[in-house]
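Residue strings, one per chain:
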Amino acid sequence: MLKLEHIDKRYTEHHALQDINVTFNPHETTVIVGPSGSGKSTLLRSLNLLERPDSGKYTIDDRTIDLSQPLTTETLLWVRRKTGMVFQQPRMFDHLTIMGNMIEAPVHVLKQSKAQATKHAHELLAAVDLDNTADRYPYQLSGGQTQRVAIARALAMAPDYLLLDEPTSALDPELEAQVLRVLNDLAHENQSMIIVTHNMDFARHAADRMLFLEDGKINFDGTPDEFFNNPTERINRFLNAFKFNQNETE
Ligand SMILES: Nc1ncnc2c1ncn2[C@@H]1O[C@H](COP(=O)(O)OP(=O)(O)O)[C@@H](O)[C@H]1O
Ligand SMILES: [Mg+2]
């Protein structure tokens, strides 16, 4: 279980997160949506403490961290190991092969043997349909392939929670579909995931749970069925904004 209680985050100009209370259950896929600037990235980055909230409590498993107190490096490393982040534009080590990129952290951080890490990496690459790229270099991959490697690489660290911030928004529709298929498979394999995305079709299919953020607050927390099939007036307005012809009714 990953739990946030009374989380607040201010930037100089902006109250980005306002009294956020939310619990993410294991083995669920939560999709976070909301208008631009609503605090989605800040919330997601707070989940692995890449962003430091000003106050509130953060709980993973049975360990609770008071965010208004200084954090130790040990705590930070512990949280980072429990959570894996996949960014919109993942960075690779350009001088390493795909396999080199895959085993870097498992070998150096988790202290796995090279043989063990390589075996696991082959399995993970096969799962994202990219085992044939193991000996290539990052510049030889397409954007969609790179993003799938980034997902496999994050999974190599066996995070309890996989966090993804708009993982497909830099991709062409065809490449986006490839990445979303991988994520949809992971969702159905019960990997715990928290995903910020604008792809409503994906959300409808893969989410166990939807969060709608607005102005740094959670405006909706419920099932995709409620979200899409019985939306509040506000959510309906949000969903309609995705439609080309806004006069069209359901
Ligand atoms: N590093 C920062 N410094 C100042 N303001 C920021 C910073 N990061 C985000 N913000 C502001 O906080 C609000 C929420 O941002 P963000 O979490 O990135 O929203 P979203 O991902 O939903 O688009 C926005 O108004 C944004 O301008
Ligand atoms: Mg964002």
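Residue positions are given per chain, counted from 1 along the sequence in the order it is written. Each chain gets a letter, beginning with A, and each ligand a number, beginning with 1, in the order they are written. Given that the model is predicted, a residue must reach a pLDDT of at least 70 before its local features are reported, and side-chain atom pairs must reach 80 or more before they are shown or counted; all residues, however, enter totals for whole chains, interfaces and linings. The side-chain numbers reported here are obtained from all heavy atoms of the structure, hydrogens and water having been left aside.

Enquirer: I tried to follow the environment of Ser-192 on my own but got confused; where do I start?
Expert: Elements are defined by DSSP. Helices are runs of H or I of four residues or more, strands are runs of E of two residues or more, and each kind is numbered from the N terminus. Considering the arrangement of structural elements, one finds Ser-192 in strand β8 (residues 192–196). For Ser-192, a relative accessible area of 5% puts it in the buried group. A sequence separation of 32 residues divides Ser-192 from Asp-160, and the C-alpha atoms of the two residues are 6.5 Å apart. Residues count as neighbours in contact if any of their non-hydrogen atoms are within 4.5 Å of one another. Those residues in contact with Ser-192 that lie beyond four places of it in its chain are Pro-26, His-27, Glu-28, Asp-160, Tyr-161 and Leu-162. Under this definition, polar contacts are N or O atom pairs within 3.5 Å; protein pairs additionally need one hydrogen-donor-capable and one acceptor-capable atom, and for neighbouring residues in sequence, both atoms have to be side-chain atoms. Here His-27 takes part through its backbone nitrogen, which lies 2.7 Å from a polar atom of the side chain of Ser-192. We call a residue buried when its accessible area falls under 20% of the maximum for its residue type, exposed when it is over 50%, and partly exposed in between, using a 1.4 Å probe and counting protein chains only.

Enquirer: Honestly, the layout of surface pockets in this entry has me stumped. Any pointers?
Expert: Here the idea is plain: a probe the size of a water molecule rolls over the atoms and shows the empty space left. With a 1 Å grid spanning the protein atoms alone, the term cavity applies to any set of points in which a 1.4 Å probe fits but cannot get out, the term pocket to an open set with protein on both sides within 12 Å along at least five of seven lines, and the term lining residue to any residue with an atom within 4 Å of a point. Grid points are joined across faces, edges and corners, and a volume is the space filled by probe spheres set on the points. Of the pockets and cavities examined, the largest pocket occupies roughly 860 Å³. In terms of lining, the largest pocket is formed by 23 residues, of which the most central are Met-85, Phe-87, Ala-105, Arg-153 and Met-157. Among the elements that make up the lining of the largest pocket, the one with the highest residue count is strand β6 (residues 83–86) (4 residues). Asp, Glu, Lys and Arg are counted as charged, while Ala, Val, Leu, Ile, Met, Phe, Trp, Tyr, Cys and Pro are counted as nonpolar; the rest, among them Gly, fall into the polar class. Residues that form the lining of the largest pocket fall into these classes: 13 nonpolar, 5 polar and 5 charged.

Enquirer: How should I be thinking about the packing of helix α3 (residues 98–108) against helix α4 (residues 114–127) in this particular structure?
Expert: For any two helices packed against each other, one specifies the inter-axial angle together with the distance between the axes. For helices, the fitted axis covers only the stretch in contact; all axes are lines through C-alpha atoms, and the angles between them, taken along N-to-C directions, range from 0 to 180 degrees. α4 packs onto α3 with a crossing angle of 125° between their chain directions and a minimal axis gap of 9 Å. Accordingly, the angle class assigned to the pair α3 and α4 is oblique. Along this stretch, α3 crosses α4, giving a crossing that reads as right-handed. Between α3 and α4, the contacting residues are Ile-98, Met-99, Met-102, Ile-103, Pro-106 and Val-107 on the first element and Lys-114, Ala-117, Thr-118, Ala-121, His-122, Leu-124 and Leu-125 on the second. Within the contact of α3 with α4, the residues separate by chemical class into 10 nonpolar, 2 polar and 1 charged. An angle below 35 degrees is read as roughly parallel, one above 145 as roughly antiparallel, one from 65 to 115 as roughly perpendicular, and any other as oblique. Rotating anticlockwise by less than a right angle from the far helix to the near helix defines a left-handed crossing, while the corresponding clockwise rotation defines a right-handed one.

Enquirer: Just to check I follow, could you spell out unusual backbone geometry for this structure?
Expert: Backbone phi values are negative for most residues with the exception of glycine, while trans is the configuration of most peptide bonds. The backbone phi angle of Asp-19 is positive, close to 50°, even though this residue is not glycine. Examined against the element boundaries, Asp-19 turns out to sit in strand β2 (residues 15–24). Residue classification places Asp-19 among the partly exposed positions, given a relative accessible area of 43%. One non-glycine residue with positive phi stands out, namely Lys-111, at about 60°. As for its placement among the helices and strands, Lys-111 is situated in the loop between α3 and α4.

Enquirer: Whenever I open this one, the site of ligand 1 confuses me. Can you help?
Expert: Only a single heavy atom is needed: when it lies within 4 Å of a molecule or strand, its residue is near that molecule or strand. The full set of residues close to ligand 1 is Tyr-11, His-14, Ala-16, Pro-35, Ser-36, Gly-37, Ser-38, Gly-39, Lys-40, Ser-41 and Thr-42. Residue Lys-40 places a side-chain N or O atom 2.8 Å away from an oxygen atom belonging to ligand 1. Contact with the protein chains removes 60% of the 560 Å² of surface that ligand 1 exposes when unbound. No other element matches the 3 residues that helix α1 (residues 40–47) contributes to the shell around ligand 1. Per-class residue counts for the shell around ligand 1 are 3 nonpolar, 7 polar and 1 charged. With residues, only the protein chains shown are counted as cover, and all accessible areas are computed by Shrake-Rupley using a 1.4 Å probe.

Enquirer: I'm lost on the environment of Val-86 in this one. Help?
Expert: With respect to the element layout, Val-86 can be found in strand β6. A C-alpha to C-alpha distance of 4.7 Å links Val-86 and Leu-164, two positions 78 residues apart in sequence.

Enquirer: What's the story with the side chain of Glu-176 in this structure? I'm lost.
Expert: Here Glu-176 lies in helix α6 (residues 173–188). Notably, Glu-176 is buried but unbridged: the nearest opposite-charge side chain belongs to Arg-181, and the N-O separation is 11 Å. Excluding residues within four positions of it along the chain, Glu-176 makes contact with Thr-168, Leu-171 and Asn-199. The charge count includes Lys and Arg as positive and Asp and Glu as negative, but it does not include His or the ends of the chains. For salt bridges, the criterion is a side-chain nitrogen of Lys or Arg within 4 Å of an Asp or Glu carboxyl oxygen.

Enquirer: Looking at this structure, how should I read the nonpolar core?
Expert: Across soluble globular proteins, you tend to see nonpolar side chains buried next to one another. Each nonpolar core is a collection of buried residues, namely Ala, Val, Leu, Ile, Met, Phe, Trp, Tyr and Cys, held together in the definition by side-chain atoms within 4.5 Å. One finds Met-102, Leu-125, Ile-151, Leu-162, Leu-183, Met-210 and Phe-227 to be the most contacted residues of the largest nonpolar core, which totals 48 residues. The contacts of Met-210, once residues within four sequence positions are left out, are Val-31, Val-33, Ala-203, Phe-220, Asp-221, Gly-222, Thr-223, Pro-224, Phe-227 and Phe-228.

Enquirer: How should the sheet that holds strand β5 (residues 63–66) be read in this particular structure?
Expert: When DSSP finds two or more bridges between two strands, those strands count as paired. Read across the open sheet, the 4 strands follow the order β2-β1-β4-β5; overall the sheet is antiparallel. Unpaired on one side and paired on the other, β2 and β5 mark the two borders of the sheet. Strand after strand, the sheet turns through a mean of 15° between neighbouring axes, direction not considered. In the sheet, strand β4 (residues 55–60) pairs with β5 via 4 bridges, with the strands oriented antiparallel. The partner of Tyr-58 across the bridge, within β5, is Ile-65.

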